[in-house]
Amino acid sequence: MSLRFALLALLTSRPMTGYDVSKQFSQSVAHVWHAPDSQIYPELNRMERDGLLESAVVPWGKKGTKKEYAVTESGVTAFREWMDSPIEIRRQREPAYLKAAYLEWAEPGAARTELEQFRDYWTEHLAMLEATRATLLDRSHPTLARRLEHYDEREWDRIVRYKIFAYDGLIDQARTAIAWAERGLVLVDELEGSPVD
């Protein structure tokens with residue numbers, strides 16, 4: 001998947017300025033496709049140049065202006081084609097698993113610290129995913145609420161359930177990562193001795 005399809009997915013909810021795209025991206029699409037602002041803004045410009053987006057100058061503040069981006073018909077077509085194409089399975093690139101395969105090279109304290117940091121990251125991430133899922137379920141998530149405004153109410157359940165399905169997969173992934181790190185901590189204690197030994 002490329003950033004442009006993540007941006008098209010977000011912009012199908014409504015036209016947005018680059019700032020709004022960045023803000024909404026971090027609260028929704030970034031949970032499944034991470035990209036920093038340094039990638040988002042140039043990609044919006046490329047997408048406009050490629051005819052997937054169009055922009056209009058809109059007032060900003062008392063005297064300023066900003067570009068507001070909207071998906072063009074070509075953008076909708078490209079997004080639908082991408083949605084209908086097979087998923088490109090990507091091979092895993094997770095440093096934690098690479099390092100775990102060679103923990104015999106690490107000091108026991110370092111191995112423990114890395115696994116604890118990994119577990120703590122995923123524990124915090126899990127809490128955020130579960131909170132986001134709750135806002136999808138009650139339909140209070142701001143991006144979802146704006147998206148639903150553009151659809152007949154009879155479509156809402158279908159839209160919401162697909163979003164929840166995606167978050168359920170992310171939640172399962174986070175829980176698996178936490179359980180793996182916990183097993184790793186037990187393994188380090190078994191092989192290297194617990195920190196109090």
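Residues numbered from 1 in each chain as written. Predicted model: local features only at pLDDT ≥ 70, side-chain atom pairs only at ≥ 80, totals over all residues. Heavy atoms only, no water.

What to know about the packing of helix α1 (residues 3-11) against helix α2 (residues 18-27)
Here's step 1: For the pair α1 and α2, interaxial distance at closest approach is 10 Å and the crossing angle is 100°. It follows from the interaxial angle that α1 and α2 lie roughly perpendicular. Here Leu3, Ala6, Leu7, Leu10 and Leu11 of α1 lie close against α2, whose contacting residues are Val21, Gln24 and Phe25.
Here's step 2: In terms of residue class, the contact of α1 with α2 is made up of 7 nonpolar, 1 polar and no charged. (Axes fitted to C-alpha atoms, helices over the stretch in contact; angles between N-to-C directions. Helix = DSSP H or I, 4+ residues; strand = E, 2+ residues; numbered from the N terminus. Parallel < 35°, antiparallel > 145°, perpendicular 65-115°, else oblique. Contact = heavy atoms within 4.5 Å. Nonpolar A, V, L, I, M, F, W, Y, C, P; charged D, E, K, R; others polar.)

Notes on the confidence of the model for the protein chain
Here's step 1: Averaged over the protein chain, the pLDDT score is 90; the fraction of residues at 70 or greater is 98%.
Here's step 2: Here α2 stands out as the element of the protein chain with the lowest mean pLDDT, 84, in contrast to helix α8 (residues 156-192), whose mean of 96 is the highest. (pLDDT = per-residue confidence, 0-100.)

Observations regarding the pattern of salt bridges
Here's step 1: Under the criterion given, the structure shown has 15 salt bridges.
Here's step 2: Close ionic contact of Arg154 with Asp152 constitutes a salt bridge, the shortest N to O distance being 2.9 Å.
Here's step 3: Its relative accessible area of 71% is what places Arg154 among the exposed residues.
Here's step 4: Given a relative accessible area of 38%, Asp152 falls into the partly exposed group.
Here's step 5: Measuring nitrogen to oxygen at the nearest pair gives 3.6 Å for the salt bridge that ties Arg161 to Asp157. Here Arg161 pairs with Asp157, and both are found in helix α8, just 4 residues apart, close to one helical turn.
Here's step 6: Taking relative accessible area as the criterion, Arg161 reaches 57% and is therefore assigned exposed.
Here's step 7: Here the salt bridges share partners, and the residues they tie into one network are Arg4, Glu43, Arg46, Arg49 and Asp50. (Salt bridge = Lys/Arg side-chain N within 4 Å of Asp/Glu carboxyl O. Buried < 20%, exposed > 50% of the residue type's maximum accessible area, 1.4 Å probe, protein only.)

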